[in-house]
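# Close look at the chain arrangement
So you can see what is in the structure, the chains are spelled out below.
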Amino acid sequence: MKFRLRNLYVGLCPKALAFQLIAACLLPAFSNAATNKAPTAINAAQAIPVAGKVTDAAGPMPGVAVTEKGTSNGTLTDAAGNYKLNVKNRNAVLVFSFVGYVTREVVLAGQATLDVVLTENVKALNEVVVVGYGTQKKKDVTGAVTSVNVKEIAGQPVPDIGQAIEGRAAGVQAVTSGAPGSNVTLRVRGVGTINNSDPLLVIDGVPTDVPLNTLNPDDIASLDVLKDASASAIYGSRGANGVVLITTKKGSAGASHLNVNAFAGVQQATNLVKLLNASQFAQLNNELLANNNQSTNPAYADPASLGTGTNWLNALFTKAPIQNYTLSYSGGTEKSNYYVSGSILNQKGIVTSTAYRRYTLQFNGNDKVLKWLKFGHNLTLNHDEKPSGSYDIRATMAANPAQPVYNADGSYSGPVGQPQFYGDVKNPIATAKLVQNNTEGYNVLGSVFAEATIIPGLTFKSTAGIQASFFNSRTWSPKYNYQPIPQPNSYLAEQYNKSITYTWDNFLTYDKYFGEDHHLTVLAGTDAQTNSYHFAGGNVSGFASDVTQQLNNGTLNPVLNGDGSEWALLSYVGRVNYAYKDKYLLTATIRRDGSSRFGDNNKYGTFPSGSIAWRVSQEPFFKKVTFFDDLKLRAGYGTTGNQNIGNYSFASVLTSAVYNFNGTVVPAQIALNAANPNLRWETVKQSNIGLDATFFKQRITVNIDAYIKKTTGMLVPVNLPISTGYSGAAPPTNAGDVENKGIEFSVTSKNMTGKFNWTTSANISFNQNKITALSDNTSIFGGNIGLNGNININAVGRPINNFYGFVTQGIFQTQFDVDAHASQQTGADPYNRTSPGDIRFKDLNNDGVINDADRTFIGNPNPKFIYAMNNTFSYAGFDLSIFLQGVYGNTIFNANNVYQESMAVAQNQTTRVLGRWEGPGTSNTMPRAIYNDPNKNSRISDRFVEDGSYLRIKTATLGYTLPKELIKKAGFNNAHLYVTGQNLFTFAKYTGFDPEVGSNGIDFSVYPVTRTISLGINLTL
């Protein structure tokens, strides 16, 4: 059962007992290691060679730690389960250990060959799940907790852990972007609020808001997601949107090891939208002007003579390199351990002038100074740089293809002449390359702890943590004179930010067995956290020289700005875990939070939860069901909160102003909004039932969860009468409700074992989202894209971020059709009214007029279900992994096409407009081309709503572990080479760049996900 056990245990060992166990967790399928060098070398004359093979009931076991007892001399078994080791004497004791198996100690007794068979340790399988403020045996977990298989993502050539976990956890949707340095958006069991829906992130026990892209994926040992309220209520007012727990790697007793992970790859766009070439653009421009009775461009008299012209998307997008290097060193003794790593990521973006560079250092250690006292620390240091030009993907699509990138003299070109002929879009390549935007960050995330055993079973742990983030942004735009609007003065803007968060936790834990039947664990303590944030900045223009790029060298329009905020949280936490005969399980938690973010009348909130579980497989009557190895039923209910409501939402925020009284300017402070002392957290009440089961001697593992998640007291804006003096500046109030309900299913199957191994893991999650209450049932609009208005609406009875607009009914073919339909755009001027070739919009209220009253719900960006499947194969040193991921049932609003298929002004269009209406019967989907679009064909409508479902080959990796004979002379224990393709193919109907566009479902100049081909190597010395 070794392969399934490794998959289950990957990354779930935050306090592993030996480095070999960590290596087995991280590289089991890749291991083909040679003998480790002990800190003290064995004299060649004294060395006694021993060899053998380690197996279990299923066959050879790679990655087993083999050590000489009492020394740090050891090795790992290779892919065939073989090992070789030099020992000091013929009566040495060899220790064979592997995660999830009973450790064996065998006396050599003069043997030169020693084969060993290991047996599973079922109890050990359940000692590695990370939960709030501690760990818990997996068999004792009563809540909905999903553990991401870190082994599956270890060594993946991805710039951040967010991209690696997409699709790896049931009930967790991860939306990524191709923009270098962008952070993943996580949603746990749907969107619970129209406000901040991000889950709480806890790294090494410290709640933090650092982006996941600041972490080096190679440093992560485990990643667990607390999904239901019974699991996440331990975090109280911060657990409403789920909790993501990340533990970084630790060292362990045994020989020290040096690991090198490196990869380099090439990125490219997966699909570039096809746009008109110069000839097609000129033809379209002539047509749209003629249809509006305007003169056409003489330069476009012969469109065919213009040829293909400039492909602006090809000029903006390019193939881009990415490379990452990680060096780590770990080891320790029975009393102390250490883990140190450093990494460098250098990623160029597929969009010109975009990039991301990250430098990360990790220092972790633990020391047992006395039998009853232990100290430890975790420290992450990060520096990143995110340069970019002033790029705009939508504007690049709009650029005139008849215009070159450069003039004959090498200067940047621009549209010169009448806008109706040539457009008014700036040269997008010029702005991307000339304008410099850069963000730099310096992040410190660390904690130190002391843990004391007061009496057997009773421990006290105190942890102090800090998150310090210093980040600055800088924009420099030199003066330029290219068309259509030259910039006569250079411009500089800078901003400096500082955010410091301190945490201090103190917990008592009592863990006691009473006889053989009763096991009780009680945790109680306090949790304090405080944050202060400040920024200062300014901008100025008018520089005598572009060389002197400092704020004090600008002479025109200087502006200074700055601000700051603070918040604090003080909490009291308690949890009880009880197990009777290892089959009846109970967990109860309670947390009381006092938060500065709440109103004066609601400073404190209490968040209870409870869950039970029944291990049916432990019942005597169930023993006859032989195909079940383990069966557990779970049920839980709890209350959590969301305090991400802003620091001063309850207060009347003041700002400075000046007034003129009788000719005298008087400074003043004015209130921007009314106060709401009753403001409180958003509350989530969640019920969950679940099933965990293993079948057929643990070859199949199944997890099923069903839940109802209700958000109450969601913050929404309210309307105040003008008489209050705050009309349009009302405070938010707790007057909204949202419901999410769904089912999650995951399965892992070990299909084949032995010399050829094949394992499949899959998950699928269904979720229904609905707003059930809003203040006065007043809908809330969002998703504004400019002059065309809002796209999203939040309305009672509908999902969050529903699309809202007009419904189309084909194209008017004749004037009779126009006259017979409801009035859309009337008038005597035939060039400025609804005419044949325009879109027919549905008269929903049958009043004979098409207006805003005819808008309705036209699409839902929330998928009906998300799914993923991973297959791994291994044979004779080769390994292959194919990971599929997708979503189904959502729609995307392609807002780019509001402009790029409007055919209303001199902007380039997609090639789909080649099928436009040019006379009766020519098209019933794409309208006519006419300047200024008198019928408003490009209004927000279902014309731009597309199917967002997709299936993606997310990752495919082929690797090979080099034979020991080839690497042992170089001193390597393991050498693994691989080639990986990411985002290889996407099967979708969507016509835009990529169907992964964001949680609101709007594709408007979104940086597309990239396809990456990488070569990598993992070395262990």
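Structure: see above.
Residues numbered from 1 in each chain as written. Predicted model: local features only at pLDDT ≥ 70, side-chain atom pairs only at ≥ 80, totals over all residues. Heavy atoms only, no water.

### A few points about the pairing of strand β43 (residues 865–875)
In this structure, strand β36 (residues 756–773) lies alongside β43, joined through eleven bridges in antiparallel fashion. Across the sheet, Trp758 pairs through a bridge with Phe873, a residue of β43. As consecutive antiparallel partners, β43 and strand β44 (residues 878–888) are separated by two residues, and within that stretch Ala876 has a phi angle of approximately 50°, a positive value. (Pairing = 2+ DSSP bridges. Helix = DSSP H or I, 4+ residues; strand = E, 2+ residues; numbered from the N terminus.)

### Considering the pairing of strand β30 (residues 628–642)
Burial analysis of β30 places eleven of its 15 residues in the buried class, the great majority of the element. One ladder, built from seven bridges, connects strand β29 (residues 604–615) with β30; its direction is antiparallel. Within β30, the residue paired with Ser611 across the bridge is Gly636. The pairing of β30 with strand β33 (residues 682–695) spans 14 bridges and is antiparallel. The partner of Leu633 across the bridge, within β33, is Leu691. (Buried < 20%, exposed > 50% of the residue type's maximum accessible area, 1.4 Å probe, protein only.)

### Topic: the environment of Tyr359
For Tyr359, the location among the structural elements is in strand β21 (residues 355–370). The spacing of Tyr359 and Ser343 is 16 residues in sequence and 5.8 Å in space, taken between C-alpha atoms. Sequence-distant contacts of Tyr359, defined by excluding residues within four places in its chain, comprise Ser343, Ile344, Leu381, Asn382 and His383. (Contact = heavy atoms within 4.5 Å.)

### Comments concerning empty space enclosed by the protein
Per the stated rule, a full pass over the model turns up twelve cavities of 30 Å³ or more. Empty space within the largest cavity amounts to approximately 490 Å³. Along the walls of the largest cavity sit 39 residues, with Gln173, Val175, Pro863, Ile866 and Val887 positioned nearest its centre. If you list the elements that add at least two residues to the lining of the largest cavity, you get β12 (172–175), β35 (733–752), β36, β43 and β44. Its residues assigned to classes, the lining of the largest cavity comprises 17 nonpolar, 16 polar and six charged. (1 Å grid on protein atoms, 1.4 Å probe; cavity = no way out; pocket = protein on both sides within 12 Å on 5 of 7 lines; lining within 4 Å. Points joined across faces, edges and corners; volume = space filled by probe spheres on them. Nonpolar A, V, L, I, M, F, W, Y, C, P; charged D, E, K, R; others polar.)

### Overview of the sheet that holds strand β49 (residues 1002–1003)
Pairing in this open sheet of three strands is mixed, and the strands run β46-β45-β49 from one edge to the other. Of all the strands in the sheet, the pair left with one neighbour each is β46 (945–947) and β49. Bridge count between strand β45 (residues 891–894) and β46: three bridges; the pairing is antiparallel. Directly across from Phe893, in β46, lies its bridge partner Val945.

### Description of the sheet that holds strand β14 (residues 200–203)
Hydrogen bonds along the backbone pair up the strands of a sheet, which may run parallel or antiparallel. Pairing is mixed in the open sheet, where five strands are placed in the order β11-β16-β17-β14-β15. Looking along the sheet, the strands with just one partner apiece sit at the ends: β11 (145–148) and β15 (206–208). Mean inter-strand twist for the sheet, computed between neighbouring axes without regard to direction, equals 25°. Where β14 lies against β15, three bridges are found, and the strand directions are antiparallel. Paired with Leu201 across the bridge in β15 is Thr208. (Axes fitted to C-alpha atoms, helices over the stretch in contact; angles between N-to-C directions.)

### What about the layout of surface pockets?
In this structure, the second largest pocket encloses a volume near 1200 Å³. What lines the second largest pocket is a set of 46 residues, and nearest its centre among them are Thr208, Asp209, Val210, Pro211 and Gln467. Classifying every residue of the lining of the second largest pocket by side-chain character gives 16 nonpolar, 23 polar and seven charged.

### Considerations on helix α6 (residues 278–290)
For α6, spanning 13 residues, the distance from its first C-alpha to its last is 18 Å, which sits close to the expected 18 Å at 1.5 Å a residue. Burial within α6 is extensive, with ten of its 13 residues counted as buried. On its buried face, α6 is in contact with α9 (419–422). Residue Asn277 occupies the N-cap position of α6, its side-chain oxygen lying 3.2 Å from the main-chain nitrogen of Ser279. (Expected span 1.5 Å × (residues − 1). Polar contact = N/O pair within 3.5 Å; in protein donor to acceptor, adjacent residues only side chain to side chain.)

### Here we look at the nonpolar core
Membership of the largest hydrophobic core comes to 25 residues, with the highest contact counts inside it found for Ile161, Leu186, Leu212, Leu223 and Ile246. In terms of residue count, the dominant contributor to this core is strand β16 (residues 220–226) (three residues). Counting residues in hydrophobic clusters, the runner-up holds 22 residues, among them Leu316, Ala320, Met397 and Ala399. (Core = buried A, V, L, I, M, F, W, Y, C linked by side-chain atoms within 4.5 Å.)

### Digging into the environment of Tyr329
Tracing the sequence through the fold places Tyr329 in strand β19 (residues 320–332). When its relative accessible area of 39% is taken as the criterion, Tyr329 is described as partly exposed. Sequence separation of Tyr329 and Gly342 is 13 residues, and the distance between their C-alpha atoms is 9.3 Å. Once residues within four sequence positions are removed from consideration, Tyr329 is found in contact with Ser256, His257, Leu258, Tyr338, Tyr339 and Val340. Here Ser256 takes part through its side chain, which lies 3.4 Å from a polar atom of the side chain of Tyr329.

### What to know about the side chain of Asp838
Relative to the elements of secondary structure, Asp838 occurs in the loop between α11 (815–820) and β41 (839–841). Separated by 3.0 Å, the side chains of Asp838 and Asn937 make a polar contact.

### Let's talk about the side chain of Asn794
Turning to its location among the elements, Asn794 is positioned in strand β38 (residues 790–794). Within the structure, the side chain of Asn794 is placed 2.8 Å from the backbone nitrogen of Asn801, a separation counted as a polar contact. Those residues in contact with Asn794 that lie beyond four places of it in its chain are Ile194, Ile771, Leu774, Ser779, Ile780, Ile800 and Asn801.

### Regarding the packing of aromatic side chains
Two aromatic rings are characterised by how far apart their centres lie and by the angle between their planes. Taken as a whole and judged by the stated rule, the model has 36 aromatic pairs. On the basis of an interplanar angle of 65° and a centroid distance of 5.4 Å, the ring pair of Tyr804 and Phe857 is categorised as edge-to-face. Placement of Tyr804 in strand β39 (residues 802–805) and of Phe857 in strand β42 (residues 856–859) is noted, with a sequence separation of 53 residues between them. The structure contains a cluster of three or more aromatic residues connected by ring pairs, namely Phe622, Phe627, Phe628, Phe695 and Phe696. If you follow Arg597 out to its NZ or CZ, it ends over the ring of Trp567, 4.7 Å from the centre. Sitting over the face of the ring of Phe841, Arg939 holds its NZ or CZ atom 4.2 Å from the ring centroid. (Phe/Tyr/Trp six-rings, centres within 6.5 Å; stacked < 30°, edge-to-face > 60°. Lys NZ or Arg CZ within 6 Å of the ring centre and 35° of its normal.)

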